[in-house]
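# What the coordinates show
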Amino acid sequence: MSESLHALLSDAFEGGERASRELRLSDALAGELSSERPEALHPLGERWYLVTLPSPI
């Protein structure tokens, strides 16, 4: 996982109070996350995604 994707997810999921977030991702970051954790990425449209992580990254 690239540093930029790791930093984005760490910031978004800081505190662990929720297991999913709506995030706007670049095509590159969405592709990387899809390759690493395809079950975690759910497209919502216009580069917005529901990202669900069942466990800490």
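Refer to the preceding data block for the structure.
One structure accompanies this document, and this report is about it. Remember, it's a predicted structure, so these values are computed and weren't measured experimentally. (Residues numbered from 1 in each chain as written. Predicted model: local features only at pLDDT ≥ 70, side-chain atom pairs only at ≥ 80, totals over all residues. Heavy atoms only, no water.)

## Concerning the pairing of strand S1 (residues 20–24)
Side chains of S1 alternate between two faces, with Arg21 and Leu23 buried and Ser20, Glu22 and Arg24 left unburied. Pairing geometry for S1 and strand S3 (residues 48–52), over 5 bridges, is antiparallel. Across the sheet, Leu23 pairs through a bridge with Tyr49, a residue of S3. (Buried < 20%, exposed > 50% of the residue type's maximum accessible area, 1.4 Å probe, protein only. Helix = DSSP H or I, 4+ residues; strand = E, 2+ residues; numbered from the N terminus. Pairing = 2+ DSSP bridges.)

## Regarding helix H2 (residues 27–36)
Those residues of H2 lying buried are Leu29, Ala30 and Leu33. On an axial view of H2, the arc spanned by its buried residues comes to 100°, and they lie on one face. H2 presents Asp27, Ala28 and Ser35 as exposed residues on the side facing more than 90 degrees away from its buried surface. Where H2 is buried, its residues contact helix H1 (3–12), strand S2 (41–45) and S3. (Arc of directions from axis to C-beta. Contact = heavy atoms within 4.5 Å.)

## Here's the deal with the sheet that holds S1
Overall, antiparallel pairing links the 3 strands, which are arranged S1-S3-S2 in an open sheet. Looking along the sheet, the strands with just one partner apiece sit at the ends: S1 and S2. Ignoring which end each strand starts from, the neighbouring axes of this sheet average 25° apart. With 4 bridges connecting them, S2 and S3 associate as antiparallel partners. From the neighbouring strand, His42 faces S3, where its bridge partner is Leu50. (Axes fitted to C-alpha atoms, helices over the stretch in contact; angles between N-to-C directions.)

## Digging into the packing of H1 against H2
Viewed as axis vectors pointing N to C, H1 and H2 meet at an angle of 85°, and their least axial separation amounts to 10 Å. Here H2 runs roughly perpendicular to H1, going by the angle between their axes. Side by side, H1 and H2 meet where Ser4, Leu5, Leu8 and Leu9 of the first sit next to Leu29, Glu32 and Leu33 of the second. Class assignment of the residues belonging to the contact of H1 with H2 gives a composition of 5 nonpolar, 1 polar and 1 charged. (Parallel < 35°, antiparallel > 145°, perpendicular 65-115°, else oblique. Nonpolar A, V, L, I, M, F, W, Y, C, P; charged D, E, K, R; others polar.)

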